[in-house]
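Per-entry structural report
If you want the building blocks of each chain, they are given just below.
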Amino acid sequence: MQCMTNNDGHMIEMTGIHKSFGALEVLRGVSLTVAKGEVVAIIGPSGSGKSTLLRCLCRLEAIDRGSIAVAGETLAAEVPGGRSRYVADAEARRICRKMGMVFQHFNLFPHLTVLDNLLEAPLTVKGLARADILPEAEALLRKVGLWEKRATYPSRLSGGQKQRVAIARALAMKPDIMLFDEPTSALDPELTGEVLKAMRQLAEEHMTMVVVTHEMAFAREVAHWVIFMDEGEIVEEGAPEEVFARPRMERTKAFLGSML
Amino acid sequence: MDYILSLIGPMVEGTAVTLQMFFVTIVLSLPLGLGLAMARISRFAALSGAVGVYIWLMRGTPLMLQLLFVYYGLPFIPYAGVTLPEFPAAAVAFVLNYAAYFAEIFRAGIQSIERGQYEGAKVLGMTYPQTMRRIVLPQVIKRVLPPVSNETITLVKDTSLIYVLAMNDLLRVTRSIVQRDFDLTPFMVAAVFYLAMTFVLTWMFEKMEKRYAVYDE
Ligand SMILES: Nc1ncnc2c1ncn2[C@@H]1O[C@H](COP(=O)(O)OP(=O)(O)OP(=O)(O)O)[C@@H](O)[C@H]1O
Ligand SMILES: [Mg+2]
């Protein structure tokens, strides 16, 4: 009997992940471990597979090989023959609810007001009553500074406001882990600050976070661990003061140099 | 003037037949069209393919031919054949035909919704049916209102085809009066009746479009 839960404190454990799109191998044996309360930043050049890694984690793509466990529960595992399979759909959905995801392009629901964007999943997925979740949703909106915008439709918001709504929407499902895929890349430079501030606040509250980002200052100051990916592999990883101040690998040096 | 008033009675009766055919068709073909659209985009190739062929047949042949086939042809099909009275026969042909057109409108509408909407719903834990019902279809309605409105107005006028089954709809009633009286006035009156019906529809769709205008995409 395999024990489904282990308590070594790892919120995410991805091991030996391989993923190809046709002939293009995008992930070549990537392993990622995230401890509870840890903030991990993933950096790397365009096309290196950062988004794909996050997307495999929340089932927007399916891995070919490797295994994934979330909070000690198996989400995907290798089956005889070498390929990997995700667990049954309902089970996978339950496990993935522990993770909230924030996209580069927000993906807010345009036909719902800001408040209804937050309420939608707790209502439909958890089957909760509107009155029961309303106070919490309003509190979340206050927290990201958008309570006055609760009755507004997303199209009327600035990019920074949209992304803060997206963060609040993910938090409304009470995830234990938050995944961010370049949350500020689609924003005008002057709007990135308000989003990064909300993320910083989450980190201070000890949320477990995986952040794919081009914001080197954010990675340096907020992350506990930095991973540099290139061509589908983790080239170098370590504490931010190590990776940023004393990168060991040539590719890391070249990338960091290009980011200045 | 008295002559026109004398026309109203029979023409209202004809309009009742026209409206019945219109409402039966709308009420049945919209949901059927939605079901066909879902089947068309399904990942089961056999289902999607079969619906594709169905849509091609219904849109590729004249509605008039389909009407005649259901009424005169269906009884001769071995074993499965049934003889339908005029109204049900016409209703079957209209529903099957319009469902095909609505299916294409809905399919295009559903496929116009960005992938990010599905992804946003999925990472929040929503199932495919929940995503469709709560996220995708409400947005599809807004996008398909203009083409559905067009199709609906066309239907009002297409109902006049049922004259071939000798049903006394507005147009056939009008024509018999013209032939009886050798006077073209009934045609004018009929035009006014059709215009009134399409006016009401246009107005209703405009109201709906306004209601969906509360949000932009
Ligand atoms: N659905 C897909 N089908 C085919 N190729 C894909 C798909 N998604 C991603 N790719 C390819 O996989 C590679 C890795 O993409 P990915 O989006 O993971 O990179 P990234 O590191 O996130 O880059 P960026 O910094 O530009 O976001 C790229 O070459 C991309 O073109
Ligand atoms: Mg990316």
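Below or above, wherever it landed, is the structure these notes cover. For every chain, the first residue of its written sequence is number 1, and the numbers climb from 1 along that sequence. Lettering for chains starts from A, numbering for ligands starts from 1, and both go in the order in which the items are written. Two thresholds apply to this predicted model, a pLDDT of at least 70 for residue-level local features and 80 or more for giving and counting side-chain atom pairs, whereas whole-chain, interface and lining totals are computed over all residues. Side-chain metrics in this entry use all non-hydrogen atoms of the structure; hydrogen atoms and water are not considered.

Considering the sheet that holds strand 6 (residues 84-86) of chain A
Strand pairing in a sheet takes place through backbone hydrogen bonds and is either antiparallel or parallel in direction. Residues and elements named next belong to chain A. Read from one edge of the open sheet, five strands run 2-1-4-5-6, paired in antiparallel fashion. Edge positions in the sheet fall to strand 2 (24-35) and strand 6, since each of these pairs with one other strand and no more. Across the sheet, the axes of successive neighbouring strands diverge by a mean angle of 15°, strand direction being ignored. A pair of strands is considered paired only if DSSP assigns at least 2 bridges between the two. Each helix is a run of H or I in the DSSP string that is no shorter than four residues. Each strand is a run of E no shorter than two, and both are numbered from the N terminus. Bridge count for strand 1 (residues 10-21) against strand 4 (residues 65-70) is five bridges, and the pairing is antiparallel. Within strand 4, the position partnered with M14 by the bridge is I68. Against the sheet, helix 2 (residues 89-96) engages strand 4 and strand 5 (73-78), with an angle of about 125° to strand 5. Working convention: axes come from line fits to C-alpha atoms, limited for helices to the stretch in contact. Angles between N-to-C directions cover 0 to 180 degrees. Note on contacts: a residue pair qualifies if any of its non-hydrogen atoms lie within 4.5 Å across the two residues.

Overview of the sheet that holds strand 9 (residues 208-212) of chain A
All names here are of chain A. Taken in spatial order, the six strands of this open sheet run 7-8-9-3-10-11, and their pairing is mixed. The open sheet has two free edges, formed respectively by strand 7 (99-102) and strand 11 (233-238), since each of these has just one partner strand. Averaged over all pairs of adjacent strands, the angle between their axes in this sheet comes to 15°, without regard to strand direction. Where strand 7 meets strand 8 (residues 177-181), four bridges bridge the pair, whose relative direction is parallel. Residue pairing in the sheet places V102 in a bridge with F180 of strand 8. On the sheet, helix 1 (residues 50-57) packs against strand 3 (39-43), strand 7, strand 8, strand 9 and strand 10 (225-230) and is oriented at approximately 145° with respect to strand 8.

What about the pairing of strand 11 of chain A?
Residue and element names in this part refer to chain A. Bridge count between strand 10 and strand 11: five bridges; the pairing is antiparallel. Bridged to V226 within strand 11 is G238. The hairpin formed by strand 10 and strand 11 contains two residues between the paired strands, and E231 there has a positive phi angle of roughly 50°.

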